[in-house]
Structures are given as C-alpha cells and as structure tokens.
Amino acid sequence: MSATSNNYPLCLVLVLTILGPFLLGHGSAEPTPIVMWHGMGDSCCFDFSLGAIKEKLNTSIPGVYVLSLQIGDSVMKDVENGYFLHPDEQIKMACDIINEDPKLAGGFNAIGFSQGAQFLRALVQRCSTAKVKNLISVGGQHQGVYGLPNCGALSSNTCDYIRKLLNHAAYIGWVQNALVQATYWHDPLNEQEYKNYSSFLSDINNEKQVNENYVTHLQALDNFVLIKFNNDTIVQPVDTEWFGFYKPGQSVEMESLEESDLYTEDRLGLKKLNENNKLKFLATSGNHLKFEWAWFEKNVVAPYLRD
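Computed from a predicted model, the values in this text were never measured in an experiment.

J.: Is there a simple way to explain the state of the cysteines in this structure?
T.: Among covalent bonds in proteins, the disulfide is the one between the sulfur atoms of two cysteines. In the structure shown here, the tally under the stated rule is two disulfides. Two residues, Cys-44 and Cys-45, share a disulfide whose sulfurs are 2.2 Å apart. Judged by the sign of its S-S torsion, about -100 degrees, the bond between Cys-44 and Cys-45 is left-handed. Assessed through its relative accessible area of 42%, Cys-45 is described here as partly exposed. With its sulfur 2.0 Å from that of its partner, Cys-95 forms a disulfide with Cys-127. Taking the sign of the S-S torsion, 70 degrees for the link of Cys-95 and Cys-127, the bridge is right-handed. Linking Cys-95 in helix 4 (residues 87–99) with Cys-127 in the loop between helix 5 (115–126) and strand 4 (132–138), this pair joins segments that are 32 residues apart in sequence.

Right under this line is the structure:
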C-alpha cells in the first residue's frame, strides 16, 4: 500500500474533525426569523391581514419564527396606537419587545406594511441593538404623505375630522403629539414648516441635521427593499413608496429619489446604499397592499427572506 493510501484515513479524520461541526450546524440551522409591523387601521394579528401573511411565510419557509409586533397590551389597543400613540413611543416599545425576545438576538429580517415600513426603518436607525438583515418596505411612505383618502378602521366622522386637522393644522404641537399621521404629513407647499415642525419624519430623514448614527445603521443592512404599488389610490403621492415626492413649492410635478437633496447630498446614506447594490426598487400592480402571494414569494421571499 502506498504512502498516499496509508495517510488517506488520517486525512479524512482530520477533515471531518475540522469541518464536521460546521457542516452539521449549517445543515440544521433554523431560518432567519422575521419581524413584521402592520399599517394604519390594522393590527399585529387579524387573521385577514398579517395573520394570513404569517401563515403564508410559515408555509414558504418551514420552521421560520415570525413575530408580528403588537404595540399595546391588546389587539384593539394595537389598532388605536396606530392612530394616537406617537411613533417615537411606538419605536421604543418595539425596540424593547425585540431586545427581550431571545429568538431575535442573532438577527432577523423585517417587513413593514404601509406606515409600519417607515416605523421599522426608524427602528433600524434608532434601535442599535436590533440586528436587522434585510428590511422590506411594503407600500411605506418614506417621504410622507400629502393626503389621507382612507382612514381604515375609523368611522367616517372621525376620518373627516382627522383630514381637517391634517389639512389645516398638521404642524401644531398638540396635533403632532396626538395624531400619528400628522408626524409624517409632508406639505410640499410649506417645506420649511415641515422640516421645522414635523416631530418624526423630518428627523428620521435627516432633514434638519444629519444624525450619523442613522446613516451608519442603514449601511449595516444587507438590503433595503422598497415595494411600490403602481395603482395605489390610498397613498398620496404613490412615489413616496420609492422615496419620491412632489418638487418643493407645488403639488403636481414629481421628483424621484435620485433627483432629491436627500439623495444628492446623501443625507441618509441612500446613495451609498444604491451604489453598493443594497437599495432595491420593486413594483407591482394593484391597489395599496394588494399583491399576489406568488409574486411576493418570487420577488421577496426567495431572494431576501429564505436563507
């Protein structure tokens, strides 16, 4: 028997000793957990909305742990807080929930629906202990809204009252403190007023000053995926779902993200994300949050959520 043959069993033992634990661990690793945050008028757990999405994810990614954030001590309180608890407080609560969940300690993917998308982005920027890998924004309003055509679960009278407040008094202090949608109301006719008195959106978009921590934390993402609904009649303007908005001083002509000061000055680090191929723009037909699961599985689950 040759020297090579004599050494073969020893070499095999060494290889298995060194690589065996890695190979076994790799094969049995659990899927990356997923955290979801619902939109306005919704909750963590309604079976016709995020409850159904959770079931779909469990089917598409067997064994995946999915946490749908409940902001409050009940499902109905969660719905109410989506209207009346300032985003700053909601984000602190979400950060605590995530920090206290041992299943999320190693990192997770995050999916935000509608206003939950900009709240999850703010969580990435502010909650330094949350290890978000891929951030998926489903119809998020990252440059805010200028219009509120549908108030979801609220009565028509309450919805009309909210519209009037937003149209005429969005930047008054008590309105900012009392109404969540006022905190991401973006009036293009009064850009300076928006920047000065928006108590949430102008901060997380680094409008008044650049918070370098916000930039650094976004850069740590593997991918930031923006999904726009081309036939959206709920979000105004729809381009906000891709960080676009009206050009300052009017409310007709649109400006893309790449044309905005936010991008050209790279105040949030989005330009660098894009140059590093970490910023993804997806679009689908349908109205707000209306998508086919087959499309979502192919374009989101497979490339960004399935290990």
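Still to come is the rest of the account.
J.: Even after reading the chapter, I still don't get the environment of Met-76, so can you show me in this structure?
T.: Residue position: Met-76 is located in helix 3 (residues 75–84). Its relative accessible area of 49% is what places Met-76 among the partly exposed residues. Considered as a pair, Met-76 and Gly-41 are 35 residues apart in the sequence and their alpha carbons are 9.9 Å apart.

J.: Would you mind showing me how to read helix 3 here?
T.: The α-helix advances 3.6 residues per turn, and as a result positions three or four apart in sequence lie on the same side. Looking at helix 3, one finds that the buried residues are Asp-78, Val-79, Asn-81, Gly-82 and Tyr-83. Buried residues in helix 3 make contact with helix 4, helix 5 and helix 7 (173–178).

J.: Looking at this structure, I do not really get the nonpolar core. What am I missing?
T.: A general trend in soluble globular proteins is that nonpolar side chains are found buried together. Grouped together as the largest cluster of nonpolar side chains are 51 residues, with contacts concentrated most on Trp-37, Leu-69, Phe-108, Leu-135, Phe-224, Phe-243 and Leu-270. No other element matches the five residues that helix 5 contributes to this core. Contact partners of Phe-224, with chain neighbours within four places excluded, come to Arg-121, Leu-135, Ser-137, His-142, Phe-243, Leu-270, Leu-273, Lys-278, Leu-279 and Lys-280. Judged by nonpolar contacts, the second largest core, of 24 residues, contains Leu-50, Leu-282, Val-300 and Leu-305.

J.: What exactly am I supposed to notice about the packing of aromatic side chains here?
T.: Note on aromatic pairs: each is described by the distance of the centres and the angle between the planes. Here the structure, examined in full by the defined rule, presents twelve aromatic pairs. When the ring of Phe-245 is compared with that of Tyr-246, the centres are 5.3 Å apart and the planes differ by 70 degrees; the resulting orientation is edge-to-face. A relative accessible area of 13% means that Tyr-246 is categorised as buried. Three or more aromatic residues joined by ring pairs form one cluster here, namely Tyr-146, Trp-185, Phe-245 and Tyr-246. In this structure, Lys-228 is placed above the aromatic ring of Trp-242, and the distance from its NZ or CZ to the ring centre is 4.1 Å.

J.: Is there a simple way to think about the pattern of salt bridges in this case?
T.: Pairing between side chains of opposite charge can happen when the charged atoms of each approach one another. Considering all chains together, one arrives at eight salt bridges under this definition. The shortest N-O distance in the salt bridge between Arg-126 and Asp-203 comes to 2.8 Å. On the criterion of sequence distance, the pair formed by Arg-126 in helix 5 and Asp-203 in helix 9 (residues 201–204) is long-range, its members being 77 residues apart. Here Asp-203 falls in the partly exposed class, since its relative accessible area comes to 30%. Note that Lys-247 is salt-bridged to Glu-253, the shortest N-O span being 3.0 Å. A single salt-bridge network, built from bridges that share partners, covers Asp-88, Arg-126 and Asp-203.

J.: Any chance you could explain the pairing of strand 1 (residues 34–37) here in plain terms?
T.: Looking along a regular strand, one sees the side chains alternate between the two faces of the sheet. Side chains Ile-34 and Met-36 of strand 1 all project onto a buried face; the interleaved residues Val-35 and Trp-37 project onto the opposite face, where all are buried too. Pairing between strand 1 and strand 2 (residues 66–68): three bridges, direction parallel. Counted as the bridge partner of Val-35 is Leu-67 from strand 2. Taking the sense of rotation as the criterion, the β-α-β connection linking strand 1, helix 2 (residues 50–60) and strand 2 turns out right-handed. Sheet analysis places strand 1 next to strand 3 (residues 108–113), joined by four bridges and oriented parallel.

Reading guide: rules and limits
Throughout, residues of each chain are indexed from 1 in the direction in which the sequence is written. Residues qualify for local features only when their pLDDT is at least 70, as the model is predicted, and side-chain atom pairs are given and counted only at 80 or more; totals for whole chains, interfaces and linings, by contrast, use all residues. Calculation of side-chain values draws on the structure's entire complement of heavy atoms; hydrogens and water are dropped beforehand. Here, a disulfide means two cysteine sulfur atoms that sit within 2.5 Å of each other. Residue exposure (1.4 Å probe, protein chains only): buried if accessible area is under 20% of the type maximum, exposed if over 50%, otherwise partly exposed. Numbering of helices and strands starts at the N terminus; helices are DSSP runs of H or I of at least 4 residues and strands are runs of E of at least 2. Contacts were defined at the residue level, with two residues in contact if any of their heavy atoms lie within 4.5 Å. For our purposes a nonpolar core is just a set of buried Ala, Val, Leu, Ile, Met, Phe, Trp, Tyr and Cys residues, chained together by side-chain atoms within 4.5 Å. Within 6.5 Å between ring centres, the rings of Phe, Tyr and Trp (the latter by its six-membered ring) count as paired, and their orientation is classed by plane angle as stacked under 30 degrees, edge-to-face over 60, tilted in between. Our definition puts a charge over a ring when NZ of Lys or CZ of Arg is within 6 Å of the ring centre and also within 35 degrees of the ring normal. Salt bridge, as used here: a side-chain nitrogen of Lys or Arg that lies within 4 Å of a carboxyl oxygen of Asp or Glu. Two strands are said to pair when DSSP picks up at least two bridges between them. A crossover counts as right-handed when, viewed with the strands pointing away from the observer, the path leading from the first strand over the helix to the second turns clockwise.

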